[in-house]
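Chain and residue survey
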Amino acid sequence: MSENLQTSPKLTRKQLKAKKKEESYYLASQWQLMAHKLAKHKLARFSMMILGILYFIALFGNFFAPSDLTSYDGSSKDMPPTAIHWITEDGRFVGPFVYGATMERDPKTYKKVFAEDKEKIYPIRFFTHGKSYQWLGLIESDLHLFGVDEGGKIFLFGTDSMGRDLFSRIILGSQVSLTIPFAGTFLSFILGLVLGSISGYFGGWIDNLIQRIIEVLNSLPSLPLWMALSAAIPAGIPPVQMYLLITVILSFIGWTGLARVVRGKFMSLKNEDYVMAARLAGVSDIKIIFKHLVPGFMSYLIVNLTLGIPSMIIGETSMSFLGLGIQAPATSWGVLLKDAQQIQNIANYPWRLLPLIFVVIAVLAFNFLGDGLRDAADPYK
Amino acid sequence: MPIIDIKDLCVNIQLDEGMLTPVQGVSFQIEAGQTMGLVGESGCGKSLTSKAILAINDKKCRQTGEILFETDKHEVVDINKLNPRGKEIRDIRGRQISMIFQEPMVAFSPMYTIGNQINECTRLHITKDKKQSKELTLEVMKKVGIANAEKRYDQFPHEFSGGMLQRALIAMALVCKPRLLIADEPTTALDVTIQAQILELMQELQKELNMAILFITHDLGTVAKMCDYVSVMYLGRVVESARACDVYKRPLHPYTQGLMGSVHKIGTLKQERLFSIEGTVPLALNLKPGCGFYDRCNQRIEGLCNVVDPELCDMGDGHCVACHRCKKEATVHE
Amino acid sequence: MSNLEMAPASILKVEHIHKRFTSKNICVRAVTDVSFEVKAGETIGIVGESGCGKTTLGRCIVRAIHASEGKVLYRAEDGQIDDLITVDKERMKKIRKEIQMIFQDPYSSLDPRMTVTDIISEPLKANYPKMPKADREKLVVDIAAKVGLNTSYLKRYPHAFSGGQRQRIGIARALILNPRIIVCDEAVSALDVSIQAQIINLLKDLQRDMHLTYLFISHDLSVVEHISNRVGVMYLGRMVEYAPTEALFSKPLHPYTEALLSAVPVADPDVQMDRIPLKGEIPNPANPPSGCYFHERCRYCQQKCIDEAPALREVDGRSVACHFADELTLRGFHYES
């Protein structure tokens, strides 16, 4: 009978594939399920891509930036972004190039006016050798992604009042702006985890004390606190130490929310049936904490961390903006935005607001990623 | 003319993994004053069927088939064709068809008093007059046996016990004198003594209002007490449908037989073992043709049951069953 | 130790156990003066409505919570009798293996982050840390086969399983230490009817094969009637009646038992329900009535019931807490032979 043939146990390739997929789902641990769910969240996936690109560029910052932090060009102060051309005036195709620049003053307003010198053509070269730098302080190199021949100038995002290339400074500033939150959250993570666990596990007066401390810290307005703390940083210390001290200041406030999450999760998980089953089986308290409780709230912690990073980015930016954070010669997005403090500057040189766009992109990306993580955090629901 | 006549109702949900068909071709009808029991285990589609009648299923659910409802103006409307957010369905929902839920504790908002919440329903459907609606509300609260109704009117849900809340929920469902009451596991969350009270209350009110009741449950005991007719569902299909006494005395479908065998009838001598159906209910995902119960059936006919969908056939006296084996035996007898 | 005594056939004896929860001047008596004795190999059913203290009683016995007063005598495998409330830590560690628990909710009772093998072998790791991995895994496979789990699925995580199968995993975890008493707290209540029957049959088979004693806590009277040898009925923290199953269901001695039985819907349309109505609602356990806790709702109530709390006493070889147990003729189920 033909009908019998259809129902024979021979599986088609499609069915076999489906079965394999099902099997891998059954064998998937919590993290695998989370990754699977996160991959389905389109916005989070997109944000992860954006963040990946941002961090990649920050990691190889000296390579992507045509210039470095210390070099400046007195003849090209406040220059607007350089236009990139492909075809010359007479219709000749030469690939990407820039024209030479000439500066004139407006006879009436004395305002600087930059014009393109159509005679001089500087093609953009890729993988050029320019200023030498030390990558991560280890490898000596002078390779840059792009540059122009001697005599030409390329400022993708324009320059500042000292003639420094804004594009390079944004990239090099991201090395600070994007890593401080990580170092800061790492510190708050440790503080929050330890203090939250102690609070949730022991309860009683210790719990009470820690909760009150959290409340006091939360009630302090953060800006004055930052100002007070950074006033305590001695002037003229090297940038690396400065950087570390600022992370400590930021995490000093960041841990409180985390500690509360940990404590709450600890208390609710303590009453789960499987924890009681483990206790009845004679499993020791320490083992219960590390085998059942900590893995139970780890995913929530990561969500909280991710959602906490944006506020750290903004925190660093505002501190630097107010002149309390990173000091020259080091730079960050906040320091760059300091140039845009005056309204005339924004009106005359609007490109100085470009760092703001990067702050917004990074903050939004972290928020979307955190959103996706939150949806994926409990894959069993 | 039945109050509600459901014909070939299907509910589909498109998932990434494939097509989920929690309800496939359900048909039944209920007349005024009758109680129909919809019995089945979790995941058999009984709740989705009831939600389809009120058109409150999720947007992702695609419904086909007909749900013919006779309104109080004696017109017949197909609920499936109405706009689920339209005026017509809102007039039917709550006023002509109402529903009681399983968990009375979560059916009320903790922010408003009980009286306030029942009153909302009255004001929406019956009268805009504040005084009159409050009187109506108090009347219905007394009717469902809430003692001290005036005082209770101003109390909040947390001041009520579970049984009292379920009474209040019934009051809310009945304040508009609906033609059809859907009771989705109304007593599952309650204790036995309170369950008995609630069931009795429902029966009394049914007599008084002559309404039809769709009683959804997995508990064979309450069905025996409450229902005139029973439809047994398995994997989205009605597998057996008959008068309640017929189903209990002479279950025909192997699934119904298994279900009856797996509960111990209280007050009878002990059997050593309960009859149990092997395996578990499969997910209604990408269903193959043939009887849904095939894998777990102890009376299956290979080559027939797993190939052809069994249809619901009348075995005489209104006792319908969807089983190839039963049909075969019936024809042999003739 | 003179007061550690119990009948030779008994394995567990609960004596005047109390459990009070106090918070901010409110004292809730969850369990009040409960006593009963359990013979080895029996199944004891504990029934009662929500809030009657049956779960608290079970947890006091496995010592998940500490009873406020009273004794729980247990005859261990080595023949020694201990009071589980006062026993020292060393000894408790030994006894813990012999008393295990099965939970109600098959979803929250398994850690979703562990594989089935890890879940079932957790008690082994805790109690026999030196056991080689191969031996442990063999034991897990054996027990999994015994409870009817497909042994090729042991590497999977709990989310791969349905409610019934999860409950089997929970049972396997309870059995791996070879216990003697298992407290089943609403062990089948969350399951579908046909799955309930599978699990009940499994529990019965395991009892026969492994000589287990069950304490079966449930609100479902028909399940309790089916599985138990003896049944204890609880009301507002007190045990009101404790008797062999058939005697209790056919001829209850306490008016509350009678009312409870009359309210159960029988799965037979021909059996007419003739419910004995109960006045009012269950009182607040923080503020129980005087005398007999049931007197406000009892239709046989007399002055004595209001004044004096009845103690659990022997009537016709069963225990009941009612002043008029030997005078009243109460209605139960008729068993047809």
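This part takes up helix α3 (residues 116–127) of chain C. Taken across its 12 residues, α3(C) has 10 buried, putting it largely inside the fold. Buried residues along α3(C) sit against α11 (273–280) and α12 (285–321) of chain A together with α2 (89–96), α4 (133–146) and α5 (163–175) of chain C.

Residues and elements named next belong to chain A. With antiparallel pairing, the four strands of this open sheet are ordered in space as β1-β2-β3-β4. Each edge of the open sheet is held by one strand with a lone partner, namely β1 (85–87) and β4 (139–148). On average, each strand axis in the sheet is tilted by 50° relative to the strand beside it, whichever way the strands run.

This part covers the domain arrangement of chain C. Residues and elements named next belong to chain C. With domains assigned, chain C is organised as domain 1 (1–98 + 179–337) and domain 2 (111–177). Computed from C-alpha atoms alone, the centre-to-centre distance between domain 1 and domain 2 is 30 Å. The interface is formed by 14 residues belonging to domain 1 together with 13 residues belonging to domain 2. For the pair domain 1 and domain 2, the summed buried area comes to about 1200 Å², and 70% of that belongs to carbon and sulfur atoms. One can count zero salt bridges joining domain 1 with domain 2. Joining domain 1 to domain 2, the criterion identifies two residue pairs in polar contact (both at pLDDT 80 or more). If one sorts the elements of the side of domain 1 that touches domain 2 by residue count, helix α6 (residues 193–210) sits on top with seven residues. Residue composition of the side of domain 1 that touches domain 2, grouped by class: 11 nonpolar, one polar and two charged.

Let us look at unusual backbone geometry. Backbone geometry at Phe127(A) places phi at a positive 50°, although glycine is not the residue there. For Phe127(A), the position within the fold is in strand β3 (residues 112–135).

Per-residue confidence for chain A gives a mean pLDDT of 81; residues scoring 70 or more make up 96%. In the predicted structure, residues 1–9 of chain A sits below a pLDDT of 50 and forms four contacts with residues beyond four places in sequence or in another chain.

In this assembly, 42 residues from chain C lie in contact with 44 residues from chain B. Both faces combined, the contact of chain C with chain B buries some 3800 Å², and carbon together with sulfur accounts for 56% of it. Between the two partners, chain C and chain B, sit four salt bridges. One salt bridge connects Glu200(B) with Arg275(C), and the closest N-O pair in it is separated by 2.9 Å. At the boundary of chain C with chain B, the tally comes to 14 residue pairs in polar contact (both at pLDDT 80 or more). Within the residue set of the side of chain C that touches chain B, elements represented by two or more residues are α6, α7 (221–227), α8 (245–250) and α9 (255–263) of chain C. With nine residues, α6(C) is the single largest residue contributor to the side of chain C that touches chain B. Classifying every residue of the side of chain C that touches chain B by side-chain character gives 19 nonpolar, 12 polar and 11 charged.

Residue and element names in this part refer to chain B. Within the secondary structure, Ser231 is located in strand β9 (residues 229–234). Residue classification places Ser231 among the buried positions, given a relative accessible area of 0%. Note: C-alpha distance between Ser231 and Val321 (90 residues apart in sequence) is 9.6 Å. What Ser231 contacts, discounting residues up to four positions off in sequence, is Phe28, Met36, Gly37, Leu38, Val39, Val238, Glu240 and Ser241.

Together, Leu59(A), Leu136(A), Leu138(A) and Ile139(A) give the surface a local cluster of nonpolar side chains, amounting to about 410 Å² of exposed area. Mapped onto the elements of the fold, Leu59(A) is located in helix α4 (residues 42–59).

Okay, the pairing of β3(A) next. All names here are of chain A. Sheet analysis places strand β2 (residues 93–105) next to β3, joined by nine bridges and oriented antiparallel. Bridging from a neighbouring strand, Ala101 pairs with Glu116 of β3. Counted between consecutive antiparallel strands, the loop separating β2 from β3 contains six residues, among which Tyr110 sits at a positive phi close to 60°. Examined bridge by bridge, β3 and β4 share eight bridges and lie antiparallel to one another. When the bridges of β4 are listed, His129 appears paired with Leu143. Where β3 hands over to β4, the hairpin turn is made up of three residues, of which Leu136 adopts a positive phi near 55°.

Conventions and cut-offs
Residues numbered from 1 in each chain as written. Chains lettered and ligands numbered in written order. Predicted model: local features only at pLDDT ≥ 70, side-chain atom pairs only at ≥ 80, totals over all residues. Heavy atoms only, no water. Buried < 20%, exposed > 50% of the residue type's maximum accessible area, 1.4 Å probe, protein only. Helix = DSSP H or I, 4+ residues; strand = E, 2+ residues; numbered from the N terminus. Contact = heavy atoms within 4.5 Å. Pairing = 2+ DSSP bridges. Axes fitted to C-alpha atoms, helices over the stretch in contact; angles between N-to-C directions. Domains from an automatic or database assignment. Buried area = accessible area lost by both parts, 1.4 Å probe. Salt bridge = Lys/Arg side-chain N within 4 Å of Asp/Glu carboxyl O. Polar contact = N/O pair within 3.5 Å; in protein donor to acceptor, adjacent residues only side chain to side chain. Nonpolar A, V, L, I, M, F, W, Y, C, P; charged D, E, K, R; others polar. pLDDT = per-residue confidence, 0-100. Patch = residues over 30% accessible without salt bridge, like charges linked within 9 Å, V, L, I, M, F, W, Y side chains within 5 Å. Areas by Shrake-Rupley, 256 points an atom, 1.4 Å probe, with all protein chains shown as cover.

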